[in-house]
Amino acid sequence: MVKLALVTGSTSGIGVGIARSLAGAGYRIILNGFGAPDIIDSVLSEIGAISVLEPIYIGTDLTNVSSIEEAISELLATEGPVSVLVNNAGIQYTAPLEEFPVEKWDQIVALNLSAAFHTTRLCLPPMKEQQFGRIINMASVHGLVASVKKSAYVAAKHGLVGLTKATALETAELNITCNAICPGWTHTPLIETQIEQRASDLNISEEEGGRALLTEKQPSKRFVTTSQLGELVRFLCTEEASQITGANLPVDGGWTAQ
Ligand code: NAD
């Protein structure tokens, strides 16, 4: 039977890389995220071309609890258990703490942390029943260390690392694993504003702005790629990875070794 993999935030960036790797490994992909219809169609057809079964798209806004409950219950009823849950959707906003807009704080905590709690609690019962599950939370280096002007993101990602450990302990005997991946700079739309800001602050090109971000934090001085993250997710879904649970796995070119 073809297993289902739900990858949240998979209409862009890292989520697309994960969907590619899991589709290549034989999973039926449930895509989620926002975007213009032509972008979503092109991701669906790209993933469809490498899949055994057509991908499904759900446009659920994961900051809305009742929408999550409705979408997951419909999914479980029509398609069966989700075997692989990748909580990847996330947003960023930067501002000093005392100026941080309250609605941005709420939105970041809702999406980057609470959404993972909701999808996990809803997908767990059928995972427990089938005695198989893989839950992967896309945290960040900011789940392990902080940076200035990122209070909400850092708080939510540290919370996500904690949720990962708690989930792992409650599922350890059931052939269900839960791990967090902690990427460093990965060149996706999520960091575009920060690259532009750095370029404008230093009056340099965007390419040089990207290099400046890397030089400051990421010793490899190269961006992490979405396929490197996708392939780690694919490995975490194998039997060989079944003793890896409750871990936070940095993929950060040495950022957190400093
Ligand atoms: P991205 O902006 O390219 O993609 C984010 C995805 O989340 C998109 O598909 C978007 O539509 C979706 N999304 C946004 N709001 C949503 C909502 N309310 N409901 C459902 N989906 C929503 O960003 P990315 O860089 O690919 O980020 C993916 C994950 O990786 C995030 O959790 C991010 O925090 C994490 N991360 C990224 C980096 C990096 O450098 N890019 C580093 C560490 C961690």
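These figures come from a predicted structure and were not determined experimentally.

A. View of the sheet that holds strand β4 (residues 82–87). Taken in spatial order, the seven strands of this open sheet run β3-β2-β1-β4-β5-β6-β7, and their pairing is parallel. The sheet is open, and its two edges are formed by β3 (56–58) and β7 (248–251), each paired on a single side. Neighbour-to-neighbour, the strand axes of this sheet turn through a mean angle of 20°, independent of strand direction. Contacting β4, β5 (133–138) and β6 (176–183), helix α4 (residues 102–130) runs over the sheet at an angle of about 160° to β4. Sitting on the sheet, helix α8 (residues 226–236) is in contact with β4, β5, β6 and β7, with an inclination near 165° to β6.

B. Representation of the environment of E173. Looking at the element boundaries, E173 is found in the loop between α5 (151–171) and β6. For E173 and S21, which are 152 residues apart along the polypeptide, the C-alpha to C-alpha distance reads 27 Å.

C. Geometry of the side chain of T186. Looking at the secondary structure, you find T186 in the loop between β6 and α6 (189–202). Here G184 takes part through its backbone oxygen, which lies 2.9 Å from a polar atom of the side chain of T186. With near-sequence residues (within four places) excluded, T186 lies in contact with I14, I191, F223, V224, T225, T226 and L229.

D. Summary view of α4. Here α4 spans 41 Å end to end across 29 residues, near enough to the 42 Å set by a 1.5 Å rise per residue. Taken as a whole, α4 carries its principal kink of about 45° at S114. After α4 finishes, the residue Q131 shows a positive phi value of roughly 50°.

E. A look at the packing of helix α3 (residues 65–79) against α4. Packing of α3 against α4 leaves a shortest axis separation of 10 Å and a crossing angle of 25°. Here α4 runs roughly parallel to α3, going by the angle between their axes. Considering how the two elements wind past one another, α3 and α4 form a crossing that is right-handed. Contact with α3, carried on its side by V65, I68, E69, I72 and L76, involves A115, H118, T119, R121, L122, C123 and P126 of α4 and no other residues of that element. The class makeup of the residues in the contact of α3 with α4 is eight nonpolar, two polar and two charged.

Cut-off values and rules
Residues numbered from 1 in each chain as written. Predicted model: local features only at pLDDT ≥ 70, side-chain atom pairs only at ≥ 80, totals over all residues. Heavy atoms only, no water. Pairing = 2+ DSSP bridges. Helix = DSSP H or I, 4+ residues; strand = E, 2+ residues; numbered from the N terminus. Axes fitted to C-alpha atoms, helices over the stretch in contact; angles between N-to-C directions. Contact = heavy atoms within 4.5 Å. Polar contact = N/O pair within 3.5 Å; in protein donor to acceptor, adjacent residues only side chain to side chain. Expected span 1.5 Å × (residues − 1). Bend = angle between axes of the 7 residues up to and from the residue. Parallel < 35°, antiparallel > 145°, perpendicular 65-115°, else oblique. Left-handed = near helix turned anticlockwise from the far one by under 90°. Nonpolar A, V, L, I, M, F, W, Y, C, P; charged D, E, K, R; others polar.

Function-wise, these values are silent; they only describe arrangement.
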